[in-house]
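Structure at a glance
Residues per chain are reported as follows:
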Amino acid sequence: MSISLSRQTAQKIVDTVKDVCGFDINFINPKGIIFASTDEVRVGTYHEIGRKVIETGKTIEVESDNSFHGTHKGVNIPFVYNRELIAAIGISGNPDEVRPFAILAEKITTLILKEQEIDFINYSRKNQINYIIRSIIENAAISHGYLVEFLNGFHMTPDTLCRTILIKPHSKCKPSSLTLIEDQIYKVFEQAGAQLYTFHFPNEYLAILPDKQFQNKTYLFETLAGKYEKTLSVGVGNCCALNKQHESYGSAKIAVQSLTADSNIAFFDNLDLEILLGNVSESAQKRYLQKTTGSLSMEDIEILKVYYSTNMSLKETAKQLFIHKNTLQYKLNRIGKLSGYNPRLFRDAVSLYLATMLDK
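My aim in this report is to walk through the structure given alongside it, one point at a time. Remember, it's a predicted structure, so these values are computed and weren't measured experimentally.

Looking only at helices and strands, one finds 14 helices and 11 strands in the protein. Summarising its shape, the C-alpha atoms of the protein cover approximately 105 × 45 × 35 Å along the three principal directions. Among the 360 residues that make up the protein, the fraction classed as buried is 44%. Sequence-distant contacts, at least 24 apart, represent 57% of the contacts inside the protein between residues at least 6 apart. A total accessible area of about 19900 Å² is found for the protein, and carbon and sulfur atoms account for 52% of it. Of note, the protein has its 40 positive side-chain charges centred 9 Å away from the centre of its 39 negative side-chain charges.

Have a look at this one:
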């Protein structure tokens, strides 16, 4: 039997046909062996008429039980798929009663096999897409001719300007909710018109999207990020040729690494200092934070964030924190003594500002 006619598929066929007609169904392979049956005891036994049906390519009706080896009364029809006679389908029962179901059995069998064939094609296509995306983002060697031929099916070329969109579920995301979130991610990819998207082990969802499409569909990713602000991180890479998407993938990762507690989506094009900070190792970040703000409380760090977001305006910072200006000055002086960095002096302020950007 070919791979499209596995035992599991054959059993699905006979079970489906019986559900419709109510009679026992046998699926007989070219050697005359009952490969699948709704009568379990007959699986693996020889069916003489089934063998003759396959040899002659003609429908054979049997009027009584046991008149032929391993054969019950009924109707046995040849089954042709892709112009090849590959099996016989036997319907057990009085020929006059089961005859009307012969064509139905053939139609159902064809539909099931075509459905499985489409699933197989789609699965193979998905594997191809996974391979292409992985090869591109890892800057791995790939045949230029193969890439051109593959992309032609998507009306794209290696020079098409694209961006890589990277979406990462947070590590604390509950497994029970991950399936729903994954469905939403893929839905957004499809709504954006992305044809090249995949899951990248261990926890990244990637889409390579032509820049023109992305510009028109940016809102979809912003909406997704807003909906799952405590669950997902979204990074959008820079624009470059499709065959250079390892660069866009790298910049998308930097965008994700630049995210703070206040946002869960970042566009590489909008970054500046974050580009540098995103390339700093985690261990170096920890050492820097320990040196600059390690002695400060969360309240102190929040004061600094607000202070620098207002361009170091005492009046505006005090207003946003709902405290008196003199109280703010006292707190800033206290931060300077604890950290060794004066928040109001340019050089020290830069050091503390970088620390607030690194602080997640």
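That was the structure; now back to the text.
Pairing within the open sheet is antiparallel, and its 5 strands lie in the order β2-β1-β5-β4-β3. The open sheet has two edge strands with one neighbour each: β2 (34–37) and β3 (60–62). Sheet twist, expressed as the average angle between the axes of neighbouring strands with direction ignored, equals 25 degrees. Along the sheet, helix α1 (residues 7–21) makes contact with β1 (25–28) and β2, crossing β1 at roughly 150 degrees. Strand contacts of helix α2 (residues 48–56): β1, β3, β4 (74–81) and β5 (84–92), with the helix running at about 145 degrees to β5, the strand carrying the most contacts.

Counting through the fold element by element, C240 comes out in strand β10 (residues 240–241). Note: C-alpha distance between C240 and P78 (162 residues apart in sequence) is 56 Å. For C240, the contacting residues outside a window of four places in its chain are T160, L161, C162, Q245, E247 and S248.

So, on to unusual backbone geometry. Residue P202 follows F201 across a cis peptide bond; omega there is 10 degrees. With respect to the secondary-structure elements, P202 resides in the loop between β7 (196–200) and β8 (204–210). Residues other than glycine seldom take positive phi values, yet H155 does so here, at roughly 60 degrees. Its relative accessible area of 77% is what places H155 among the exposed residues.

Another aspect to go through is the pairing of β4. Taken residue by residue, a regular strand's side chains alternate between the two faces of the sheet. The buried fraction of β4 amounts to 7 of the 8 residues, a majority that puts the element mostly inside the structure. Pairing analysis gives 3 bridges linking β3 to β4, with the strands arranged antiparallel. When the bridges of β4 are listed, E61 appears paired with V75. Bridging between β4 and β5 involves 8 bridges; their strand directions are antiparallel. Counterpart to F79 in the pairing with β5 is A87.

A cluster of nonpolar residues, L273, L276 and Y353, forms a patch on the protein surface that exposes about 270 Å² of accessible area. Along the chain, L276 turns up in helix α9 (residues 273–277).

Parameters at a glance
- Residues numbered from 1 in each chain as written.
- Predicted model: local features only at pLDDT ≥ 70, side-chain atom pairs only at ≥ 80, totals over all residues.
- Heavy atoms only, no water.
- Helix = DSSP H or I, 4+ residues; strand = E, 2+ residues; numbered from the N terminus.
- Buried < 20%, exposed > 50% of the residue type's maximum accessible area, 1.4 Å probe, protein only.
- Contact = heavy atoms within 4.5 Å.
- Areas by Shrake-Rupley, 256 points an atom, 1.4 Å probe, with all protein chains shown as cover.
- Lys, Arg positive; Asp, Glu negative; His and termini not counted.
- Charge placed at Lys NZ, Arg CZ, Asp CG, Glu CD.
- Pairing = 2+ DSSP bridges.
- Axes fitted to C-alpha atoms, helices over the stretch in contact; angles between N-to-C directions.
- Patch = residues over 30% accessible without salt bridge, like charges linked within 9 Å, V, L, I, M, F, W, Y side chains within 5 Å.
- Salt bridge = Lys/Arg side-chain N within 4 Å of Asp/Glu carboxyl O.

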